[in-house]
Amino acid sequence: MVKFANRIQPCDNGLNDIFSYANDPALISFAAGYPNNQLFPQTELQGAFNSSLTDNINLQYSGAAGLLSLRTKIAQHISSQQRTFTAAEILLTQGAQQGLDLTAKLLLNPGDGVVVEAPTYLGALSAFDAYEPTYYEVPLHDDGLDLNALQKILLTHSVKFIYTIPDFQNPTGSTLSLAKRQALLRLAARYDVIILEDSPYRDLRFSGQSLPSLASLDTQNLVISLGSFSKILAPGLRLGWLVATPQLLAPLTELKLGNDVQSSTLIMNAVDQYLDHHDLSAHITKMNHAYAAKMTTMCAALKHYLPTAVTFTQPSGGFFIYLTLPASVDTGQLLKRVVLPQAKVAYVPSASLFPVSHQANGIRLNFTNLDNSTIELGVKRLGEILTRALTQ
Ligand code: PMP
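Residues numbered from 1 in each chain as written. Predicted model: local features only at pLDDT ≥ 70, side-chain atom pairs only at ≥ 80, totals over all residues.

**Notes on helix 10 (residues 265-277)**
Given 3.6 residues per helical turn, the α-helix brings residues three or four places apart onto the same face. Compared with an ideal rise of 1.5 Å per residue, which puts 13 residues at 18 Å, helix 10 spans 18 Å between its outermost C-alpha atoms and is within 8% of the ideal. Residues I267, M268, N269, A270, V271, D272, Q273 and Y274 constitute the buried set of helix 10. In this structure, the buried side of helix 10 is in contact with helix 2 (42-52), helix 3 (68-78) and strand 2 (90-93). (Helix = DSSP H or I, 4+ residues; strand = E, 2+ residues; numbered from the N terminus. Expected span 1.5 Å × (residues − 1). Buried ≥ 20, exposed ≤ 12 C-beta atoms within 10 Å, placed from the backbone. Contact = placed C-beta atoms within 7 Å.)

The following block contains the structure:
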């Protein structure tokens, strides 16, 4: 019998279930956070990969920080009125996911405090768990983190970093307001805590004005910020980025080297070529139109079919809508016992998205990878079954 390290807990957080639902053709799955296959710029990426393969240097090692010309383009992409970024502040990663792992690896000793939004992104908990943190949950409102609750935690506990998804949060869809962004930075400075800003959905805004990133507002070098090509190009590329000050970036780059040496030269070069020859902003605009229509369809169907005891969020971007059921309902049990077998619909139940309180009465729904009629049919089936379950 192989003995795992003490810190490895038996894993039953549902992540594998989420992927298996997505691959089951008999189900309508609102579970996984997949972008829409039809919207990948496949032909353009094919051209970019072909052209990369004409030069054998793109099959060579190229350094842990990642391709300079791609880091320069990312720096331009994330620069704004508030702040100009440079390639020297950027590390290329295997998706934003690797940035979560590297940050936790750099900062956490077993037992160290980590503040998370409640609910939060399951994959972040999977990454952090390996470093055995003590989690503190902060409730979320429509305009993001409850800063009074956060301050109480910072006053009474030692915390290494605050993990936040400020734009179109996974799973709730909520966005941190500008005033709260500024107040959060002030709190982090006062208590000398790092903020880990995870923002893979940032560019996927359907309405309203984009808000400055926490990294762009940070004057105290307290923010590590993560971005990704997964939702704006394709997740199969496994390419993301981490933005931090040189003081943090140097050890993070060392850790990246020890982890996987570097990101793929070929993939970094192909994405760089794609950006040289195609208009990423135009592609993002096209996606936002398509996703906005899907979200509108889902919200209209939810309004029509859900029982009134269930409330839902209406985000202005991103991938997810969050349902809140009466406090006594366990949506995990409901999924396994009733919704999967009878309605043939899958969703993410909330218990594992709350690492401390395990609140079980929430549901995360994704709307990006289904067509409008399937979204309607899935919500109809879900609504009917929830109506029956809640009136029994
Ligand atoms: N952070 C959040 C909030 C996410 O939703 C995801 C993807 N579901 C990730 C990070 C990881 O994304 P990537 O594919 O860039 O690793």
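**Thoughts on the sheet that holds strand 10 (residues 311-312)**
With antiparallel pairing, the four strands of this open sheet are ordered in space as 10-11-14-13. One side of each edge strand has no neighbouring strand; the edge strands of this open sheet are strand 10 and strand 13 (348-349). (Pairing = 2+ DSSP bridges.)

**Regarding the UniProt feature "domain: Aminotransferase class I/classII large" (unreviewed entry) in the chain**
According to UniProt, the "domain: Aminotransferase class I/classII large" (unreviewed entry) feature falls on residues 52-382. The span residues 52-382 is 42% helix and 17% strand, and its two end C-alpha atoms sit 46 Å from each other. (UniProt positions renumbered as here; feature names shortened; annotations may be inferred.)

**A few points about the environment of D112**
Along the chain, D112 falls in the loop between helix 4 (95-107) and strand 3 (113-118). Residue D112 is classed as partly exposed on the basis of its C-beta count, with 17 C-beta atoms lying within 10 Å. Distance in space between the C-alpha atoms of D112 and D192 is 14 Å, their sequence separation being 80 residues. Aside from chain neighbours lying at most four places away, what touches D112 is P133, T134 and K160.

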